[in-house]
Amino acid sequence: MGDTDSPEYPKLPRNSIKRYKDRGTYDYQTIHSIVNTAPVIHVSFKTPDEEDPFPAVLPMLGFMGSFSNQDAPASEPLDLYIHGYISSRLFRLGKTPPPAEEEGLPLTIAATHMDGLVLSLTPNHNSYNYRSAILHGYATVVEEPEEKMWAMVKITNNVIGERWENSRVPPTKTEMTSTQILKVRVVDASAKIRAGEPGEDRADLKNEEIRKTTWVGVIPTYLTYGEPIPSGENRVAKVPSYISSFVKEENEVGKKLAIDAVTSKK
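Note that the structure is predicted; figures quoted are calculated from it, not measured.

K.L.:
Talk me through the overall build of the chain; I want residue IDs and the actual numbers.
P.N.:
Each helix and strand in the chain was counted, giving seven helices and eight strands. Reported as C-alpha extents along the three principal axes, the dimensions of the chain are approximately 70 × 55 × 40 Å. The proportion of buried residues among the 266 residues of the chain is 38%. In the chain, 71% of the contacts between residues at least 6 apart in sequence involve partners at least 24 apart. Approximately 16,000 Å² of the chain is accessible, and the part contributed by carbon and sulfur atoms is 54%.

K.L.:
Break down unusual backbone geometry for me, citing the residues and quoting the values.
P.N.:
Glycine aside, residues mostly have negative phi angles, and peptide bonds mostly take the trans form. Each neighbour pair has its own omega, and for V169 with P170 the value is 0 degrees, a cis peptide bond. The phi dihedral of E162 falls on the positive side, at around 75 degrees, and the residue is not glycine. What makes E162 partly exposed here is its relative accessible area of 48%.

K.L.:
Mind laying out the pattern of salt bridges, listing which residues take part and the relevant values?
P.N.:
In this structure the tally under the stated criterion is eight salt bridges. Among the salt bridges present, the one from K248 reaches E252, with a minimum N-O distance of 2.8 Å. Of the two residues, K248 and E252 are both situated in helix 7 (residues 241–263); the distance of four residues between them amounts to about one turn of the helix. Assessed through its relative accessible area of 45%, E252 is described here as partly exposed. Through salt bridges with shared partners, one network takes in D79, E147 and K183.

Calculation notes
What you see as residue numbers is a count from 1 along each chain, following the sequence as written. With pLDDT at 70 or above as the cut-off, local features in this predicted model cover only qualifying residues; side-chain atom pairs require 80 or more to be listed or tallied, and sums for whole chains, interfaces and linings still use all residues. Side-chain metrics rest on all non-hydrogen atoms present in the structure, leaving aside hydrogens and water. Helix numbering and strand numbering both begin at the N terminus, where a helix is a DSSP run of H or I of at least 4 residues and a strand a DSSP run of E of at least 2. Each residue's exposure class comes from its accessible area (1.4 Å probe, protein chains only) as a fraction of the maximum for that residue type: buried when under 20%, exposed when over 50%, partly exposed otherwise. Should any heavy atoms of two residues lie within 4.5 Å, those residues are considered in contact. All accessible-area figures derive from a Shrake-Rupley calculation using a 1.4 Å probe, and residue coverage is judged against the displayed protein chains alone. Salt bridges, as used here, are contacts in which a Lys or Arg side-chain nitrogen is within 4 Å of a carboxyl oxygen on Asp or Glu.

Set out below in structure tokens:
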């Protein structure tokens, strides 16, 4: 169990943390929160081209939620919904997965937050403070219109809250047809988190000459949203409060998480 009382994903050979096991966790709450606060997730899959030995990987938008239990918190089982275009290779494969994959198209998903540059007395001990998650699951295309619309709303508002309600909606028939949603049933996952100050060799700590000439510590690192810049087609005189509030709150949260990570230990 991680730092919460949340249930956990099963520990299997492919998702078990091997190095720095104390940094690993398998609980729903931690993993789902990392994914839902990541601005970009990376999705990897095997292509059907037998002559191509390389798996594909795509940066995408997504969020974790439950259509059957829409009020489910992050500590409960959730599916991953991914947004994309109908003609993309991933979505074509999701609609017609390989015959041997009856459960759907196998995917590996990664989400990462960088919280700090960790600078040690020696380059060998330099590191990052980070929060990362890896998920494995089977993807199928969402065909049911109500679930598809729900997922589109959630993905939009996961980028910036209230954006769906403050845009031209509902989507046109063409937009609904061209947009596809993949639903990933997650079968296992794990998270790995590093926080705290640099770790140092005892020998280096005894070397006063090195300690007097080498700065050590952590540079907090976080995503910062700048002042909104209107486009040439904008006709709204003032930046709406839901946008300005989002920028202010996200910047404050990101900064706090990065600074708190310095004094934490994981």
